[in-house]
Amino acid sequence: MTISYNWLSEYLPVTVDPERLSRILTSIGLEVESLDKYEEVKGGLLGLVIGEVLSTEKHPNADKLTLTRVNVGNGEPLQIVCGAPNVAAGQKVVVATVGTTIYPGNSEPMTMKVAKIRNVESHGMICAEDEIGLGTSHAGILVLPDDVKVGTTAVEYFQPYEDLIYEIGLTPNRMDAMSHWGVARDVCAYLNHHDKKDFKPKLPNGNGFMVDNTSLNIDVKVENETACPRYSGVSIANVTIGESPKWLKQKLQSIGLRPINNIVDITNFIQHETGQPLHAFDADKIAGKKIRVKNLSEGTIFVTLDEKERKLGAEDLMICDAKEGICMAGVFGGMHSGVSSTTKNIFLESACFDAVTTRKTSFRHGLRTDAASRFEKGTDISATVTVLKRAARLIKEIGGGEIASEIVDVYPKPKAKTEVSIKFHFIKKLSGKNYHPDAVKEILNNLGFETLKEGIDELRVSVPYHKPDISLPADLVEEILRIDGLDNIEIPESITITPAIEENYAKEVYREKTAGYLVGQGFHEMMTNSITNAAHFSEAELGGMVKMLNSLSAELNILRNSLFETALEVVARNLNHKNNSLRLFEFGKVYATSGPGKYLETENLCLVISGNKNEDSWKQKSVSTDFFSLKGTVETLLTLLGIIPDSMEELQVPKLDNHIVYRLNNQVIAGAGQVKKKILDNFGIKQPVFFASLDWSLLSQLMAKQSNTVKEIPKFPSVQRDLALVVSKEMTWGEVQQTIEKIKWNLPAGKSEKLRDIKLFDIFESEKLGTGKKSMAVNFTFLDDEKTLTDKEIDGWMSQIMTTLEKDLQAEIRK
């Protein structure tokens, strides 16, 4: 929400310093996110002065340049070289003297200095209007009236508009503060409470409104009273469409609005002044001189003001004439009914539309207008006629014309004010602060609440129409706290709390344990958006993904089905910032759908590594990370969680090379691989990236079923044996490992658990081994908890292992 300091000050009974006003706004819950200076003319014309051209003569060294002598009212005339064709003696002109900075159009600022132009010194510049921000013409210098006094500053003569602009972080429930007058009301309430005053904001009203004739009556009927509980309007005839006065354009431009014409500008001005959106129709284009507020059939084509055809939904509320729809109620105008340069008669609308209906239409058609943003939060249903009168009076004052009808006000079911009761001890309980009953009444009355009943410990008030969000006692406490100042909330010396007792806390314990382990291994946690870009996915993938109906932007339009794409976005961003060695992890939700209303949400854990394992140092060189670093981290993590996979196997997937999956009970619990180059190219990544994903939802279920046991440290020593076997070069370690695991479980009962560990510690390739052969060196660890193992026992097991490897894998045992 953008608020102008000058504009706001017009409604305050006293002048409040901008810095203090900033603190007040933040204190009452209207957080000031920025306070910036606004200049109608960039640079504010500082340093520019009005001068008189005393003489002109042809430049001795250039045909198109003129040598001038200019009096600027402070001593000797200045010699200035000018290239404008219209410069002449006796002219009053704008001069940029030496040291002055000008801001020509969209160019860089330029500071004047003594310069030699074709060997003749020039002490400044005679300015054209585009060179100082007063226009766009560069046909010649700006020539002023003869009666302008020499030496007058340009600031004094042109009086450029300056302002201070507040950007306020407005919460969704504060529709009452979506206008300058609404903010002024809150500021006055704050000043009354803290400065002990009785200020009232200066009320913009419709005083002076008078019907001139009834020559232009428009018949209005509301067919959908739920979606439009109140509709007001008035006709104004013989208006003149033209440029808005300077003061109106300056106000709108200061808050970022582009002036269009006097009628449209007045409706925008009133909206930002009072918070009530208005819409002006060309009355001559209203067929049958009838307005009908109703819904049209599903699929009806309607051309909006931006010249786009839109298919209406059956829920879209429309403003129609006798023939067709002419405006999307509360959202956007129609192409053929708006005010144009030829408009003579207008019908001015001021209505209250249902918040839910307006929001649905706005999002359905992607039309996020200022009017829609106000209607969807709720507007003051009691203010439609008052605001209409003020707007009509302004139009008559600025655009001429005459009020050509009585005010039409269709309000079939007048809304009763909400009533709320609050106990003073409840205020103390919720706020932690004792408020005197008189202070409570004063704050609420200053905000527009009316006291209905007052008891010893209770107050009953009616809620003003401009606060439709208030319905509970807690809402009143919030209002009291705001005006007292959110920064004045007392902090007690001690806080009494009741600790929460969670039954299913194991999942969070394992999550914290996992995150702690990963951080200890040099990983950093990342957090990414669950909404991502559909452009990352193929058509086949998009079929099972959850699409956003009302996307935040074209780049955020689908819910992710994996952490893969969002993780690569983080990698790309870090690499672009020269952070080349990455170890990242994230716990995040992923989504899928199998049809309308059938959605699945699960939680995953992803790991990403890229770059070097370590940095260069005097002791060691940097080593590039690889797939096996990631694989080791995944396996260690599963062990840490007490999850022992049944199998590990290679599985081809479109986006990863060397992809392996870990299964338990025939379910995939984890996977890891190297990101394919073509995928990296799509993200602009030029170094290898390795990615792993763990199904955290499934792992959490498995971890919940396991019981922790404590085991005594073995008393007897373990025994290790190494075995080198020659196998086919295409054979993977996974195949060898599965075969050895099979041998392990085929050992006699009580013997299988003696083989505690199997690991690969070397791979050797050489032509001496034979064509297409390689050697794998495997380490076996044996341990018996009851005794020291003998060589005879171990030799027997090793013999069985070697026989099976030779038979099943055609391996050759190296001696």
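Preceding this section is the structure that the text describes.
All values derive from a computational prediction rather than experimental measurement.

Asks: Explanation requested: the packing of helix H11 (residues 437–446) against helix H12 (residues 473–484) in the structure shown.
Replies: Packed helices, taken two at a time, are described by the angle between their axes plus the distance between the axes. Across the interface, H11 lies against H12 with an axial gap of 10 Å and an inter-helix angle of 90°. Taken as axis vectors, H11 and H12 run roughly perpendicular relative to one another. Touching Val-440, Ile-443 and Leu-444 of H11 are Leu-476, Glu-479, Ile-480, Ile-483 and Asp-484, all from H12. Broken down by class, the residue content of the contact of H11 with H12 amounts to six nonpolar, no polar and two charged.

Asks: Would you mind showing me how to read helix H6 (residues 262–274) here?
Replies: Two residues of an α-helix separated by three or four positions point the same way, owing to the 3.6 residues in each turn. Taking 1.5 Å as the rise per residue, H6 with 13 residues should run 18 Å; its terminal C-alpha atoms sit 18 Å apart, in good agreement. Counting buried positions along H6 yields 10 of 13 residues, so the element is predominantly enclosed. For H6, the full list of buried residues reads Asn-262, Ile-263, Asp-265, Ile-266, Thr-267, Phe-269, Ile-270, Gln-271, His-272 and Glu-273. Where H6 begins, the side chain of Asn-261 points an oxygen toward the backbone nitrogen of Ile-263, at a separation of 3.1 Å. Positive phi shows up at Gly-275, right after H6, with a value of about 90°.

Asks: In this structure, what is going on with the packing of aromatic side chains? I would like to understand it.
Replies: For any pair of aromatic rings, the description consists of the separation of the ring centres together with the inter-plane angle of the planes. The final tally for this structure, using the stated rule, is 10 aromatic pairs. Measuring from centroid to centroid gives 5.0 Å for Phe-587 and Trp-696, while their planes differ by 75°, and the two rings are edge-to-face. Of this pair, Phe-587 sits in strand E33 (residues 582–595) while Trp-696 sits in helix H18 (residues 696–705), placing them 109 residues apart in sequence. Exposure remark for Trp-696: the relative accessible area of 0% places this residue in the buried category. Ring-pair connections join several aromatic residues into one group, and the members of that group are Trp-7, Trp-247 and Phe-269.

Asks: Please clarify how the environment of Lys-578 should be interpreted in this entry.
Replies: Its location among the elements puts Lys-578 in the loop between helix H15 (564–576) and E33. For the pair Lys-578 and Asp-757, spaced 179 residues apart in sequence, the C-alpha separation works out to 41 Å.

Asks: Would you mind showing me how to read the sheet that holds strand E27 (residues 450–454) here?
Replies: Think of a sheet as strands paired side by side through backbone hydrogen bonds, with each pair either parallel or antiparallel. The strand order across the open sheet built from three strands is E26-E28-E27, with neighbouring strands paired in antiparallel fashion. Of all the strands in the sheet, just strand E26 (419–423) and E27 have a single pairing partner and so form its edges. On average, each strand axis in the sheet is tilted by 25° relative to the strand beside it, whichever way the strands run. Sheet topology note: the E27/strand E28 (residues 458–462) ladder contains four bridges and is antiparallel. Directly across from Glu-454, in E28, lies its bridge partner Leu-459. Of the strands in this sheet, E27 and E28 touch H11, which is tilted by about 5° from E28. Relative to the sheet, H12 contacts E26 and E28, its axis offset from that of E26 by approximately 75°.

Asks: Sorry if this is basic, but what is going on with the layout of surface pockets here?
Replies: The probe, sized like a water molecule, is rolled over the atoms to show the empty space still left. What the largest pocket holds in volume is close to 1,600 Å³. At the level of elements, helix H16 (627–640), strand E35 (647–650), strand E36 (656–664), helix H19 (733–746), strand E40 (755–764) and strand E41 (773–782) are the ones that each hand at least two residues to the lining of the largest pocket. Here the lining of the largest pocket is composed, by residue class, of 18 nonpolar, nine polar and 14 charged.

Asks: Even after reading the chapter, I still don't get the state of the cysteines, so can you show me in this structure?
Replies: Every disulfide links exactly two cysteines, by a covalent bond between their sulfur atoms. Taken as a whole and assessed by the stated rule, the structure comprises zero disulfides. Cysteine Cys-327 remains unbridged, with the sulfur of Cys-320 as its closest cysteine sulfur at 9.6 Å. Owing to a relative accessible area of 3%, Cys-327 belongs among the buried residues under this scheme.

The rules behind each value
Chains are numbered independently. Their residues run from 1 in the order of the written sequence. Owing to the predicted nature of the model, reporting of local features is limited to residues with pLDDT of at least 70; listing and counting of side-chain atom pairs is limited to 80 or more, with chain, interface and lining totals taken over all residues. Calculated side-chain values reflect all of the structure's heavy atoms, with hydrogen atoms and water omitted. Every angle, taken between N-to-C directions, lies between 0 and 180 degrees, and every axis is a line fitted to C-alpha atoms, over only the stretch in contact when it is a helix. The numbering of helices and of strands both runs from the N terminus, where a helix is a DSSP run of H or I of at least 4 residues and a strand a run of E of at least 2. Any angle that falls under 35 degrees is termed roughly parallel, while one over 145 is termed roughly antiparallel, one within 65 to 115 roughly perpendicular, and all others oblique. Every residue pair with non-hydrogen atoms within 4.5 Å of one another is taken to be in contact. Asp, Glu, Lys and Arg are counted as charged, while Ala, Val, Leu, Ile, Met, Phe, Trp, Tyr, Cys and Pro are counted as nonpolar; the rest, among them Gly, fall into the polar class. The length a helix should cover is 1.5 Å for every residue beyond the first. Categorising residues by exposure relies on relative accessible area from a 1.4 Å probe, with only protein chains included: less than 20% of the type maximum marks a residue as buried, more than 50% marks it as exposed, and the intermediate range marks it as partly exposed. Polar contacts, as counted here, are pairs of nitrogen or oxygen atoms within 3.5 Å of one another; within protein the pair requires one atom able to donate a hydrogen and one able to accept it, and residues that are adjacent in sequence qualify only if both atoms are side-chain atoms. Classification of ring pairs rests on two measures: the distance between centres of Phe, Tyr or Trp rings, Trp counted by its six-membered ring, which must be within 6.5 Å, and the angle between planes, read as stacked under 30 degrees, edge-to-face over 60 and tilted in between. DSSP calls a pair of strands paired once it identifies at least 2 bridges connecting them. A cavity here means a set of points on a 1 Å grid, drawn over the protein atoms and nothing else, where a 1.4 Å probe fits but cannot get out; a pocket is an open set with protein on both sides within 12 Å along at least five of seven lines, and a residue lines either one if it has an atom within 4 Å of a point. Grid points are joined across faces, edges and corners, and a volume is the space filled by probe spheres set on the points. Two cysteine sulfur atoms form a disulfide, by the criterion used here, when they sit within 2.5 Å.

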